[in-house]
Amino acid sequence: MCGALKDTPGLGFHWGFGAAGVGMVLGLLVYLFGLPFIKELPEDVVYHDPDAKPEDEAAGGKDHVMTEDEAETTPSVIPSFASLSPSIFLVIGILSIIGGPLSALSGMISMDNAVAIAIAGGSSVFAAWILSHLKMAVRDRVLAIYILSVFVIFFWAAFEQAGNAMNVWADQTTNRYLTADPKAPEIYPEVPIDLADLDFMATVNKAVSNLVEMNPIGTTSFQSINALAIVLFAPIFAWLWLYLARRHINVSIAMKMSLGVFFQGVAFALMLWAATYEGGPSQTNLSQLPPNVVEQDGGLVFYDAPELGDDERLTAILEGNAKTDEPMPAHGGRLVFNPSEGKLNMNGVLDANHRDRVLRATVSPSYLDFVYKMAKETETLKEEASKAESAMSEAEKDELKEKKKADKSIGAFEKRYTLDKLPEGFEPRYLQGFKTSQLEWNGETKTFIVRDLLADKDYKQILVAGADPDFRDALNDLYVSAAKYKVSSWWLVAFYVLCTIGELCLSPVGLSMVSKLAPRRFATMLMGMWLLTSFFGNFAAGLAGENWERLDPATYFTWITVVMIGASMVCFVIAKSVTRMMHGVK
């Protein structure tokens, strides 16, 4: 539903996120009304295994679950490491807190990465502080939480690819037509339609049709597979663990964790298989490469246009130093130019966003400078217009609102920017995605009529209109012809189902583990630290996702598969030792 609202003209992200907020409020109400039905189990029930054999219930038996009081007087099973663990975590934490910011100041890493490292360091120091207040088997149990947290970070780093790389794969590389033949992809932006201002019922009908549309199904719909699979499979897993326990087939917590990481690796191995179907060849004619696109290591690389606000990069390009920046592989290194044959060769499906990024690199310095300064100036114009509107009386504001309803070309301000000379092959159809209340092009006078703020994405779209025409036509030809290699939606369905199986093996088991292993006085703190694994996993997912455009999908999926399978094997090897550290908790 959130995705359907987001994709509805006139509604967009505000309505999508708003619907998500309503869902969260409903979930909170369910929790509040259900709170009286939640009963706290006494300790003698929590630490009693009803299915254990009588001889094993005695203290010291293999199935005996040690209470916290017993654990405080029971020797550690890893005495050397347990005694050193507070110092180890403290040293790691201090080095991270100091090293992260120093690395950022020296230019080795970005500031946001430094902040994440510092947060990790703070968590490590806090972990050391907790350990310093514990002893004996209680410390073992907390160490078990810490050790398994590492593998949970690996899991979430892969699982949260659903929000970046896998979402791009669904949008650009997946055939989302379920019951009909796919249409050829559109080269130019869609002309905006604001149904909300025209007809309320038309907006409602469009939102409903988006909800049930199957040709193509919305990209956001794939995000619902995980939720649906949880509802379907959670009861099965709840029954399975109890069924195995009653038959004394005890799958330990650590083993369940390793299974969760393993299934996540299998999910990406499946996508590696899908990538073999996506990587078909395409070819088109091209006489020569444009500026800022060059051959390197057998493939093409390009020198990206500056982000809006990166004045230093703009100056370097205007001074002829574009190549001082690190080049970006074009299409993950799968775009190759053969000058002797005059052919541009490509493997796989071309991402429209990446295509436009490559094209932006080919614009002339003069056009880049013109568009950049135009977009930058709109920031000041928008701020001044906002101040002027704030100073209006209520009657004047109402009058302005009515004028905007009557005339869709009225924006926050209006300023004209005339080009002295059009770039060769200038294509205004790339500007048709703008509303007239934001930007309008007058071809006769070669003038941009700007009426509202031009954000970074808008500035970049205007650049594409002035890209090298021959190279643009070649990439568009490849973009359309390679669409036949888009893979079936069922690959993603199977992928998300496998991810959900891994999540059910790991996530609820982990939360239960912390509540059982954490000593009473630190239970809330340790649960908070456990939830930090999601933060670090998401951060690692973002770091990995930054390489999506630099690598071809097969290589990207291979790396994640290898890392996840490797992590699951390590977890499997140490599972028995970690289980011993839990002192009977299952």
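Residues numbered from 1 in each chain as written. Predicted model: local features only at pLDDT ≥ 70, side-chain atom pairs only at ≥ 80, totals over all residues. Heavy atoms only, no water.

Let us look at the overall build of the chain. Along the chain, the regular secondary structure elements total 22 helices and eleven strands. Its C-alpha atoms put the chain at 95 × 65 × 55 Å along the principal axes. Burial status across the chain gives 43% buried among its 586 residues. Nonlocal contacts in the chain, meaning residues at least 24 apart in sequence, comprise 80% of its contacts between residues at least 6 apart. (Helix = DSSP H or I, 4+ residues; strand = E, 2+ residues; numbered from the N terminus. Buried < 20%, exposed > 50% of the residue type's maximum accessible area, 1.4 Å probe, protein only. Contact = heavy atoms within 4.5 Å.)

Turning our eyes to something else, we now look at helix H20 (residues 489–517). For H20, with 29 residues, the first-to-last C-alpha span of 42 Å sits near the 42 Å given by 1.5 Å per residue. When the local axis directions of H20 are compared, the greatest deviation, roughly 35°, occurs at Glu-503. Taking the backbone nitrogen of Trp-490 as reference, a side-chain oxygen 3.1 Å away marks Ser-488 as the first, capping residue of H20. (Expected span 1.5 Å × (residues − 1). Bend = angle between axes of the 7 residues up to and from the residue. Polar contact = N/O pair within 3.5 Å; in protein donor to acceptor, adjacent residues only side chain to side chain.)

Before going further, it helps to spend a moment on the pairing of strand S3 (residues 293–296). Sheet analysis places S3 next to strand S4 (residues 299–302), joined by four bridges and oriented antiparallel. Within S4, the residue paired with Val-294 across the bridge is Val-301. Linkage of S3 to S4, two consecutive antiparallel strands, is achieved through a turn of two residues, within which Asp-297 is found at a positive phi near 55°. (Pairing = 2+ DSSP bridges.)

Glancing now at helix H15 (residues 352–360). Each turn of an α-helix holds 3.6 residues, which means side chains three or four residues apart point in the same direction. The buried fraction of H15 is high, at seven of nine residues. Residues of H15 that are buried include every one of Ala-352, His-354, Arg-355, Asp-356, Val-358, Leu-359 and Arg-360, and no others. Where H15 is buried, its residues contact helix H9 (165–173), S3, S4, strand S5 (328–329), helix H18 (456–465) and helix H19 (469–481). At the N-terminal boundary of H15, the capping side chain belongs to Asp-351, with an oxygen 2.8 Å from the backbone nitrogen of Asn-353.

Turning next to the sheet that holds S4. What the three strands build is an open sheet, ordered S3-S4-S5; its pairing is antiparallel. Each edge of the open sheet is held by one strand with a lone partner, namely S3 and S5. Of the pairings in the sheet, the one linking S4 to S5 comprises two bridges and is antiparallel in character. Looking at S5, one finds that Phe-302 is bridged to Met-328.

So, on to the sheet that holds strand S7 (residues 343–347). Hydrogen bonding along the main chain pairs the strands of a sheet, whether they run parallel or antiparallel. One open sheet accounts for three strands, arranged S2-S7-S6; its pairing is antiparallel. Looking at which strands have only one partner, the edges of the open sheet turn out to be strand S2 (281–285) and strand S6 (335–338). Strand-to-strand, the axes of this sheet are offset by a mean angle of 20°, without reference to chain direction. Both S6 and S7 contribute to a ladder of four bridges, which runs antiparallel. In the sheet register, Val-336 faces S7, and the bridge partner there is Asn-345. Where H19 meets the sheet, it contacts S2, S6 and S7, and its direction lies at approximately 150° from that of S2. (Axes fitted to C-alpha atoms, helices over the stretch in contact; angles between N-to-C directions.)

Glancing now at the packing of helix H7 (residues 111–132) against helix H8 (residues 136–159). Between H7 and H8, whose axes approach to 10 Å, the crossing angle comes to 160°. Taken together, the axes of H7 and H8 lie roughly antiparallel to each other. The two elements H7 and H8 meet at a crossing, and its hand is right-handed. Residues Ala-127, Ile-130, Leu-131 and Ser-132 of H7 lie in contact with H8, whose contacting residues are Arg-139, Val-142, Leu-143 and Tyr-146. (Parallel < 35°, antiparallel > 145°, perpendicular 65-115°, else oblique. Left-handed = near helix turned anticlockwise from the far one by under 90°.)

Bringing the packing of H8 against helix H22 (residues 553–581) into the picture now. Working note: a packed helix pair is described by the angle between its axes plus the distance between those axes. Contact geometry of H8 with H22 gives a least axis separation of 10 Å together with a crossing angle of 165°. Relative to H22, the element H8 lies roughly antiparallel. When you trace H8 past H22, the crossing you get is left-handed. Facing Ala-137, Asp-140, Arg-141, Leu-143, Ala-144, Ile-147, Leu-148, Phe-151, Phe-154, Phe-155 and Ala-158 of H8, the residues of H22 in contact are Ile-560, Val-563, Met-564, Ala-567, Val-570, Cys-571, Ile-574, Val-578 and Met-581. Here the residues of the contact of H8 with H22 are counted per class, giving 18 nonpolar, no polar and two charged. (Nonpolar A, V, L, I, M, F, W, Y, C, P; charged D, E, K, R; others polar.)

This part takes up a negative patch on the surface. On the surface, Glu-424, Asp-470, Asp-473 and Asp-477 cluster together into a negatively charged patch. Checked against the element boundaries, Glu-424 lands in the loop between strand S8 (415–418) and strand S9 (439–442). Here Glu-424 falls in the exposed class, since its relative accessible area comes to 67%. (Patch = residues over 30% accessible without salt bridge, like charges linked within 9 Å, V, L, I, M, F, W, Y side chains within 5 Å. Areas by Shrake-Rupley, 256 points an atom, 1.4 Å probe, with all protein chains shown as cover. Salt bridge = Lys/Arg side-chain N within 4 Å of Asp/Glu carboxyl O. Lys, Arg positive; Asp, Glu negative; His and termini not counted. Charge placed at Lys NZ, Arg CZ, Asp CG, Glu CD.)

In most cases, non-glycine residues show a negative phi, while peptide bonds are predominantly trans. Here the phi dihedral of Asn-292 falls at roughly 70°; this positive angle occurs in a residue that is not glycine. Within the secondary structure, Asn-292 sits in the loop between S2 and S3. Phi is positive for Asp-297, close to 55°, though the residue is something other than glycine. On the secondary structure map, Asp-297 appears in the loop between S3 and S4.

With that settled, consider the pattern of salt bridges. Counted by the stated rule, this structure contains 20 salt bridges. Between Glu-278 and Arg-334 there is a salt bridge; the shortest N-O distance is 3.0 Å. Placement of the pair is Glu-278 in helix H13 (residues 253–278) and Arg-334 in the loop between S5 and S6, with a sequence separation of 56 residues. For the pair Glu-278 and Arg-334, one class covers both residues: buried. A salt bridge links Glu-394 to Lys-397, with the nearest nitrogen and oxygen atoms 4.0 Å apart. Taken together, the residues span about one helical turn, with Glu-394 and Lys-397 both in helix H17 (residues 394–406) at a distance of three residues. In this structure Glu-394 comes out as exposed when scored by relative accessible area, which is 56%.

When pLDDT is averaged across the chain, the result is 88; 93% of the residues are at 70 or more. Counting interchain partners and residues more than four positions distant, the pLDDT-below-50 stretch residues 56–60 has eleven contacts. (pLDDT = per-residue confidence, 0-100.)

Another point: the packing of aromatic side chains. The tally for this structure, following the rule as stated, stands at 28 aromatic pairs. A ring pair is formed by Phe-268 and Phe-495, whose centres lie 5.0 Å apart and whose planes are at 85°; its orientation type is edge-to-face. Placement of Phe-268 in helix H13 and of Phe-495 in helix H20 is noted, with a sequence separation of 227 residues between them. We note that Phe-268, like Phe-495, is buried. Taken together, the aromatic side chains of Trp-169, Phe-268, Phe-495, Tyr-496, Trp-548, Tyr-556 and Phe-557 make up a single cluster linked through ring pairs. Sitting over the ring of Tyr-479, Arg-355 keeps its end group 4.5 Å from the ring centre. (Phe/Tyr/Trp six-rings, centres within 6.5 Å; stacked < 30°, edge-to-face > 60°. Lys NZ or Arg CZ within 6 Å of the ring centre and 35° of its normal.)

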